[in-house]
Each structure stands twice: as structure tokens, then as C-alpha cells.
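Single-letter residue listing:
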Amino acid sequence: MNPQANLIFIISLLLGTTITISSNHWIMAWTGLEINTLAILPLISKSHHPRAIEAATKYFLTQSAASALVLFSSMTNAWHTGQWDITQLTHPTSSLILTSAIAMKLGLVPFHFWFPEVLQGSPLTTGLLLSTIMKLPPIALLYMTSHSLNPTLLTTLAILSTALGGWMGLNQTQIRKVLAFSSISHLGWMAIIIVYNPKLTLLNFYLYAMMTATIFLTLNTIKVLKLSTLMTAWTKIPSLNAMLLLTLLSLAGLPPLTGFLPKWLIIQELTKQDMAPAATLISLLSLLSLFFYLRLAYCTTITLPPHTTNHMKQWRTNKSTSTMIAILTTMSVMLLPISPMILTMF
């Protein structure tokens, strides 16, 4: 793709995200979401492969439906209350429709079917944008309307997302699809706590985005898209592969790593809200996703390729790892000891 065109699309993405996050009026928030959708479409379909075109079409259709629902929800609220302010979403029907629309935009169960397919059809860099920056505007809208959302509905969606995200990722061999189901599972953790402690949702999202960015950028560096090639890629940059192992375990939420922090805080907050059964259930369901993270980690560093297959030997590359990946990897693994400082920021 032409670098100038690429730059325009990236700037439009940032502009759309900024407009949605900083707006008070529903129409401006909707405009930002539309700019975002239109800016990411060329980035999804830039390879002109049939899978990429299919992914762009699916993305366009689902996001258009979700945007229409956002508009419908805000108009219903304005009709009943006379308010166009985002924080004044008080009508129960409006908040129900908005929850469905945001669930569709984010890819929460039962509106999750588009997300793995779209991620599989996109290049790794676009997949990174879809998994991180494109989730920020809908989460910001949930954050601003969190006081009027239905807790029962969100808890149900969250538990279903964690269950299906873990369960459907178990038998995947394509890494992008595994990361898509991982994203659905993490969104479940964010959705369950948004009503009780919205700041925890933001903290969870920031840490999730950081760890996912590390994984996507690492995979892009070693040029790996599926498990079978991941097994033979360890010879390229062995140190980066070792850090990828730790980042995957951090994303799974294992204790001495960064990813444990949001899970720990969310379980603590749910217990304070007398929701111990929900906390127990969502913790048990996250074990499903732990399985496929361990599988990825195993393929990353521990497995030597079988000698009977005719695979190409990967040569060790001399190019140095980018500073960005080095910083992100370190943060993805080592932030737990400074968690009190992070909590004072939130």
C-alpha cells in the first residue's frame, strides 16, 4: 500500500478514537466510531486476498449494524428524556440496546462470530490495531455509561465470553484465531467488573493491550502465523522467543507476571460485591484459555521440530530486536511489583 495512504488511514484511526473518547454528545461519539470503521477497512483488505476481502466485508457489516444500534439507542433515550449527553443514558431500553451494540462492536459473546474470522483474514499489524486501538472507543462508551448499565446482563455476557473464548480457542492451529479467542475471553473479564468498578476495566484493558501488542509485534518480527511454523522459528531470535514464552504466560494471568494484576483485582472487587460465585466461575473458566496459552508457549520454546518432516531450517537473523518490543516485553512481564504505584494512578 502507498505509504501516504497508509499514513492517512492511521491518522484517521487515531482521530476517530480521539473524537469518540472525548465527546459528550451521542452524535459525535457515533461519528468517531464511523471514522474508525471506515479507516480500518482498507488496512484489512490491503493484501487483495479473497480471505482479506471477506474479512473486510464481515467487519463492515457487523460494525454498521452496531453503529446503527448505538444511534437507535441514543435516539430512544433522547426521545424519552430529552438528553443527548452520553452520561445521561437513563432509559432502561436504551441502555439494553446500547449494551448489545457495544457487545457487537467489541466481539462479546453472543456477537463474537465475526472477530476470529476478521482477525484471521487480516495482516498481523492490522490484527494488532483490531485487537487494541479499535476496542478503546466502545470500552470508553461503556465506561461513560457504566452507572446505568444492567449488571445481570453484563455478568451473563462476561461469563459466556470467558467460557466460549477459552473453549473455542482450544483446537485452533492458526495463531491469529487463538489470539482472537484470547481477546474474547479477556473482554469477559472487563465486562463483568464495568458496573462495579469501571476504572478496573480500564486498567485491565491497558494491560491487555500492552501484552497483546507485544505478542503481535514479536510474531511479526519472526514472521509466524501458525503453530507448525512457530515450532521451527525458535532458531531465528532465541532470546525473543524466550520472552514470548513469558509474555504468553503473563497474558494467561500467572502470578509473578503483569497479567496477574487485573485478574487479582477483579476477583477481589467481585468478592467485595458479594459475587463470590461469579468470581469462582470466571476464574475456573479462565483455566480453559490457560491451556491454549500453555500450548502456544510450549510450541514457542520447548518443542524441537520432528526430524522426519521436510521443513526448511530457519537461519538465525542478525538484525537487532526493536526497542519498542524490548520495552513492551519488559513491561508485560515485570509490572506486578510496582502494582501499588499503578493503583494510585487509577
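Predicted model only: the values in this text are computed from it and were never measured.

A. Broad picture of a nonpolar patch on the surface. Together, Tyr206, Ile338, Met341, Met345 and Phe346 line one region of the surface with nonpolar side chains, adding up to about 500 Å² of accessible area. Position of Tyr206 among the secondary structure elements: in helix α10 (residues 198-222).

B. Representation of the pattern of salt bridges in the model. Enumeration over the complete set of coordinates arrives at four salt bridges. Taking the shortest distance from any N to any O, the salt bridge between Glu54 and Lys58 comes out at 2.8 Å. Within this pair, Glu54 and its partner Lys58 are both found in helix α3 (residues 50-81), separated by four residues, close to a single helical turn. Note on Glu54: relative accessible area 36%, which makes it partly exposed. Among the ionic pairs, Glu117 bridges to Lys58, the shortest N-O distance being 3.7 Å. With Glu117 in helix α5 (residues 114-121) and Lys58 in helix α3, the pair connects residues that are 59 residues apart, well separated along the chain. Using a relative accessible area of 25% as the deciding quantity, one classes Glu117 as partly exposed.

C. Spatial organisation of empty space enclosed by the protein. On inspection of all chains with the given rule, the structure shows four cavities of 30 Å³ or more. Taken as a whole, the largest cavity holds about 90 Å³ of empty space. Along the walls of the largest cavity sit Leu33, Asn36, Thr37, Tyr59, Gln63, Lys105, Trp114, Phe115, Leu130, Met134, Lys135 and Pro138, which together make up its complete lining. Mapped by element, the contributors of at least two residues to the lining of the largest cavity are α2 (26-44), α3 and α5. Among the elements that make up the lining of the largest cavity, the one with the highest residue count is α2 (three residues). Its residues assigned to classes, the lining of the largest cavity shows seven nonpolar, three polar and two charged.

D. Representation of the environment of Thr229. Looking at the element boundaries, Thr229 is found in helix α11 (residues 227-232). With 71 residues separating them along the chain, Thr229 and Thr300 place their C-alpha atoms 9.5 Å apart. Only 2.8 Å separates the side chain of Thr229 from the backbone oxygen of Lys226, close enough to count as a polar contact.

E. Local environment of the packing of aromatic side chains. One pass over the structure, following the stated rule, counts six aromatic pairs. Both rings, one in Tyr59 and one in Trp114, keep their centres 5.6 Å apart while their planes meet at 65 degrees; by these two values the pair is edge-to-face. Pair noted here: Tyr59 is in helix α3 and Trp114 is in helix α5, with a separation of 55 residues, a long-range link. The same class applies to Tyr59 as to Trp114, namely buried. Taken together, a centroid distance of 5.9 Å and an interplanar angle of 45 degrees make the contact between Tyr206 and Phe346 tilted. Of this pair, Tyr206 sits in helix α10 while Phe346 sits in the segment after α16 (339-345), placing them 140 residues apart in sequence. Ring pairs connect the aromatic residues Tyr59, Trp114 and Phe115, which therefore count as one cluster. Positioned over the ring face of Phe115 is Lys135, at 3.7 Å from the centre of the ring. In this structure, Lys263 packs its charged tip against the face of Trp189, placed 5.1 Å from the ring centre.

F. Structural detail: unusual backbone geometry. The omega torsion of the bond from Val109 to Pro110 falls at 5 degrees, within 30 degrees of zero and hence cis. Along the chain, Pro110 turns up in the loop between α4 (92-106) and α5. A positive phi angle, close to 60 degrees, is found at His48, a residue other than glycine. The backbone of Asp274 shows a phi angle near 60 degrees, a positive value even though the residue is not glycine. Relative to the elements of secondary structure, Asp274 occurs in the loop between α13 (260-272) and α14 (276-302). You can call Asp274 exposed: its relative accessible area is 71%.

Reading guide: rules and limits
- Along each chain, the written sequence defines residue order, and numbers are assigned to residues from 1.
- Confidence filtering applies because this is a predicted model: local features only for residues at pLDDT of at least 70, side-chain atom pairs given and counted only at 80 or more, and all residues used for totals across whole chains, interfaces and linings.
- Only hydrogens and water are set aside when side-chain values are computed; all heavy atoms of the structure are taken into account.
- Only residues whose relative accessible area exceeds 30% and that form no salt bridge enter a patch; like-charged residues are grouped when within 9 Å of one another, and nonpolar side chains (Val, Leu, Ile, Met, Phe, Trp, Tyr) when within 5 Å.
- Only the protein chains shown count as cover for residues, and all accessible areas are computed by the Shrake-Rupley method using a 1.4 Å probe.
- The working definition used for a salt bridge is a side-chain nitrogen of Lys or Arg within 4 Å of a carboxyl oxygen of Asp or Glu.
- Think of it this way: any DSSP run of H or I at least four residues long counts as a helix, any run of E at least two long counts as a strand, and we number them from the N terminus.
- Whether a residue is buried, partly exposed or exposed follows from its accessible area with a 1.4 Å probe, protein chains only, as a fraction of its type maximum: under 20%, in between, or over 50%, in that order.
- For cavity detection a 1 Å grid was placed over the protein atoms alone, and a set of points counts as a cavity when a 1.4 Å probe fits there but cannot get out; an open set counts as a pocket when protein lies on both sides within 12 Å along at least five of seven lines, with lining residues being those that have an atom within 4 Å of a point.
- Grid points are joined across faces, edges and corners, and a volume is the space filled by probe spheres set on the points.
- Three classes are used, and their members are as follows: Ala, Val, Leu, Ile, Met, Phe, Trp, Tyr, Cys and Pro are nonpolar, Asp, Glu, Lys and Arg are charged, and the others, Gly among them, are polar.
- In protein, a polar contact requires one atom able to donate a hydrogen and another able to accept it; more generally it is a pair of N or O atoms within 3.5 Å, and residues adjacent in sequence count only if both atoms are side-chain atoms.
- Here a pair means two rings of Phe, Tyr or Trp (six-membered ring of Trp) with centres within 6.5 Å. Their orientation is stacked below 30 degrees between planes, edge-to-face above 60, and tilted elsewhere.
- Distance and angle both matter: a charge sits over a ring if NZ of Lys or CZ of Arg is within 6 Å of the ring centre and within 35 degrees of the ring normal.

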